[in-house]
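Survey of secondary and tertiary structure
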Amino acid sequence: MEKFKKIGKALLFPHVALVIMLSIASIAALAIAFLVLPDNAVVNYASYVLSAYTLTVVCFRIPAIIKWVKRFTETNKLASSLKHDAHLRIKVSLLGSMVFNAFYALFQLGLGIYNHSVWFYALAGYYFLLAFLRVFMLNHTLKFKPGEKEFRELLIYRMCGIGLVIMNLALVIIIAYVTAFSKATVHHMIITIALAAFSFTAITVAIVNIVKYRKYNSPVWSASKALSFVAALVSMLTLEDAMLATFGQAEGEGFRQLMGGLTGAGVTAIVLAIAIYMIIGSTKKIKAFENKNPLQ
């Protein structure tokens, strides 16, 4: 009996190095199975078994992983700073988002030039605007702490609201391209599922952060999270089009166009509402601040 327990423990709790190797092998095997080999290939079933075993091992390791992460965030200086210093987290978040938006915009621009596609040009413009707005927020965050320059923060907050109105034009072009011209990008099933996981995660994190960062009473930080929420909404819009093109071929182009139009109208309405709220709210506060501080 003791022997079977040792075997079971060895199978369910292998060394960390082996878990990492299994994870890499499983990802590679699944990628080959889904992207290269035909659906009925015998090798595919072996990759499924390997992946199922790896997932089981990783799940058994989750409590230990959580404990390690907690211990690491407390003992590591940088990790501890990120955990306890909201100002540092915002700076890192803004820098990462700005760089990602800029590179992704260049990527979409390259696709637009190569494919002569309005879709990619519109996406490039959208992400360039996102990166442009985040440059101002990052510049302010690097120089000042939240609430230190209230008037300046309100101006940046209003500018972001105006930027969202302009970005809505890019959204309209994207939606028109999907609906009126019946254009869709068909992805592989696995890529579409990965996009779905990313989009749902992004919108969940964005909503949580909007609520979480309101307590700091910083217009710049609030604007940053509002932009993240809008970006997540756009990713949901493009995800819907990709999913309908990949999985909803039986419903036909008419259904895809209808859903794209309805969802697009909803997204643009939400974005416009957020923009108007930001512009009106910040304008009122700016006027009140100017009345209290005539020399500002």
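Let me begin by describing the structure that accompanies this report. Think of each chain on its own: its residues are numbered from 1, step by step along the sequence as written. Confidence filtering applies because this is a predicted model: local features only for residues at pLDDT of at least 70, side-chain atom pairs given and counted only at 80 or more, and all residues used for totals across whole chains, interfaces and linings. Working from all heavy atoms in the structure, the side-chain values ignore hydrogens and water.

1. Considering the overall build of the protein
- Labels follow the DSSP assignment, with helices taken as runs of H or I lasting at least four residues and strands as runs of E lasting at least two, numbered in each case from the N terminus. Secondary structure summary: the protein contains 10 helices and zero strands in total.
- The linear arrangement of helices and strands in the protein, starting from the amino end, is α-α-α-α-α-α-α-α-α-α.
- Accessible area is worked out with a 1.4 Å probe on protein chains only. A residue is then buried under 20% of its type maximum, exposed over 50%, and partly exposed in between. Taking all 296 residues of the protein together, the buried fraction comes to 36%.
- Only the protein chains shown count as cover for residues, with accessible areas throughout obtained via the Shrake-Rupley method and a probe of 1.4 Å. Total accessible area on the protein stands at roughly 17600 Å², and carbon and sulfur atoms take up 72% of it.

2. Here's the deal with the nonpolar core
- The definition of a nonpolar core used throughout is a set of buried Ala, Val, Leu, Ile, Met, Phe, Trp, Tyr and Cys residues joined through side-chain atoms within 4.5 Å. With 45 residues, the main nonpolar core has Tyr126, Met137, Cys160, Leu164 and Met278 as its most contacted residues.
- Put simply, the parts of the chain that give this core at least two residues each are α5 (86-115), α6 (118-143), α7 (150-179), α8 (189-212), α9 (219-247) and α10 (253-292).
- Looking at this core, the element that brings in the most residues is α9, giving 12 residues.
- The contact criterion used is simple: two residues touch if any of their non-hydrogen atoms lie within 4.5 Å. Beyond its immediate chain neighbours, meaning those up to four positions away, Met278 contacts Tyr157, Cys160, Gly161, Leu164, Ala223 and Ala226.

3. Some thoughts on the packing of α5 against α6
- Packing of α5 against α6 brings their axes to within 7 Å, and their N-to-C directions diverge by 155 degrees. For the element pair α5 / α6, the angle class is roughly antiparallel. Handedness of the α5/α6 crossing: left-handed. With axes taken as lines fitted to C-alpha atoms, and helix axes fitted only over the stretch in contact, angles between N-to-C directions fall between 0 and 180 degrees. In what follows, roughly perpendicular refers to angles from 65 to 115 degrees, roughly parallel to angles under 35, roughly antiparallel to angles over 145, and oblique to any angle outside these ranges. If you view the pair so one helix is near and one far, a crossing is left-handed when the near helix is turned anticlockwise from the far one by less than a right angle, and right-handed when it is turned clockwise.

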